[in-house]
Amino acid sequence: MINEKLEYRQENKKLFFKGSLVAIIIALTPLYFQIYKSVPKSKVWDTFLFTYESIYYRDANVAFWILTGKVVPLFLLTIWFFTCRHWWYHALLVPICLYIYQGMGVFNDDILYFDEVNFLHLVPVMIVIIPSIYLVRARIFNHLNTVDKTTQDLEDELTFKPKTFWGKVKQYF
């Protein structure tokens, strides 16, 4: 009994630490949007790891400003995908694929209107994801119809109803 409580507490501490780490990473998001400011405003950006020459954009700073506009939402969507507990979390793959595709387009300097045809490249992803989400939804709905409880009874059973003001505030956080 004592070992079980000790293991439960250790597991909760690990989950709390992981959750805190994810929360801190998300809270630092405004700083991620400022990373482009460390890139020089010149055509060529030479570092010890690589050399980037801006051909399409005015300078490397503008290219990385556009890239951070694609990478940061992609990063946040990816965190949401891996931490989401809802049945529809696979729908997040569509905007994730969209941002990956747009991020690749930032460095593809030869294509002038890259964003105009990205929908055609996302159609295969959507063809797989949308029907699979519909099937999951249909199974859940079918399960609800075969259970003797009504939808309202199931919602009432799963809903947390705080009695105090702070309990209501804690419900959202």
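Conventions and cut-offs
- Residues numbered from 1 in each chain as written.
- Predicted model: local features only at pLDDT ≥ 70, side-chain atom pairs only at ≥ 80, totals over all residues.
- Heavy atoms only, no water.
- Helix = DSSP H or I, 4+ residues; strand = E, 2+ residues; numbered from the N terminus.
- Buried < 20%, exposed > 50% of the residue type's maximum accessible area, 1.4 Å probe, protein only.
- Contact = heavy atoms within 4.5 Å.
- Phe/Tyr/Trp six-rings, centres within 6.5 Å; stacked < 30°, edge-to-face > 60°.
- Expected span 1.5 Å × (residues − 1).
- Core = buried A, V, L, I, M, F, W, Y, C linked by side-chain atoms within 4.5 Å.
- Polar contact = N/O pair within 3.5 Å; in protein donor to acceptor, adjacent residues only side chain to side chain.
- Axes fitted to C-alpha atoms, helices over the stretch in contact; angles between N-to-C directions.
- Parallel < 35°, antiparallel > 145°, perpendicular 65-115°, else oblique.
- Left-handed = near helix turned anticlockwise from the far one by under 90°.
- Nonpolar A, V, L, I, M, F, W, Y, C, P; charged D, E, K, R; others polar.
- pLDDT = per-residue confidence, 0-100.

Looking now at the environment of Leu93. Looking at where Leu93 falls in the secondary structure, it is placed in helix H4 (residues 93–106). Given a relative accessible area of 25%, Leu93 falls into the partly exposed group. Along the sequence, Leu93 and Met126 sit 33 residues apart, while their C-alpha atoms lie 8.7 Å from each other. Discounting chain neighbours no more than four positions away, the residues touching Leu93 are Phe81 and Ile129.

Let us look at the packing of aromatic side chains. The full count for this structure, using the stated rule, is eight aromatic pairs. On the numbers, 4.9 Å between centres and 85 degrees between planes, the contact of Trp45 with Phe64 is edge-to-face. Here Trp45 is found in strand E1 (residues 44–46), whereas its partner Phe64 is found in helix H3 (residues 60–83), with 19 residues between them in sequence. Relative to Trp88, the ring of Trp80 lies with its centre 5.8 Å away and its plane at 80 degrees, an arrangement referred to as edge-to-face.

On to H4. Helix length check: H4 (14 residues) gives 20 Å between terminal C-alpha atoms against 20 Å at 1.5 Å per residue, within 8%. Val94, Ile96, Tyr101, Gln102, Gly103, Gly105 and Val106 are the residues of H4 that are buried.

This brings us to the nonpolar core. The nonpolar side chains of a soluble globular protein tend to be buried, and buried together. Grouped together as the largest cluster of nonpolar side chains are eleven residues: Tyr36, Val39, Trp45, Tyr52, Tyr57, Ala60, Val62, Ala63, Phe64, Leu67 and Val106. Broken down by element, this core gets its largest block of residues, five residues, from H3. Those residues in contact with Trp45 that sit more than four places away from it in its chain are Val39, Pro40, Phe50, Thr51, Tyr52, Ala60 and Phe64. With five residues, the next largest nonpolar core counts Leu77, Phe81, Leu92 and Ile96 among its residues.

The next subject is the side chain of Thr29. Tracing the chain through its elements places Thr29 in helix H2 (residues 29–32). Sequence-distant contacts of Thr29, defined by excluding residues within four places in its chain, comprise Val72 and Leu76.

Okay, H3 next. Quick reminder: α-helices carry 3.6 residues per turn. Residues three or four places apart thus point the same way. In a regular helix each residue adds 1.5 Å, so 24 residues correspond to 34 Å; H3 covers 34 Å between its end C-alpha atoms and thus fits that length. One side-chain oxygen of the residue at the start of H3 lies 3.2 Å from the amide nitrogen of Asn61, identifying that residue as Asp59.

So, about the packing of H3 against H4. H4 packs onto H3 with a crossing angle of 160 degrees between their chain directions and a minimal axis gap of 9 Å. One finds that H3 runs roughly antiparallel with respect to H4. As for the relative orientation of H3 and H4, their crossing is left-handed in sense. In this structure, H3 uses Ala63, Ile66, Leu67, Gly69, Lys70, Pro73, Leu74, Leu77, Thr78 and Phe81 to contact H4, whose residues at the interface are Leu93, Pro95, Ile96, Tyr99, Ile100, Gln102, Gly103 and Val106. Considered class by class, the residues forming the contact of H3 with H4 number 13 nonpolar, four polar and one charged.

For the rest of this paragraph, the subject is the confidence of the model for the protein. Across the protein, the average pLDDT comes to 78, with 72% of residues at or above 70. Per-element confidence in the protein ranges from a low mean pLDDT of 59 for helix H6 (residues 151–158) to a high of 92 for H2.

Looking now at the environment of Ile55. Among the secondary structure elements, Ile55 is positioned in the loop between strand E2 (51–53) and H3. Given a relative accessible area of 61%, Ile55 falls into the exposed group.

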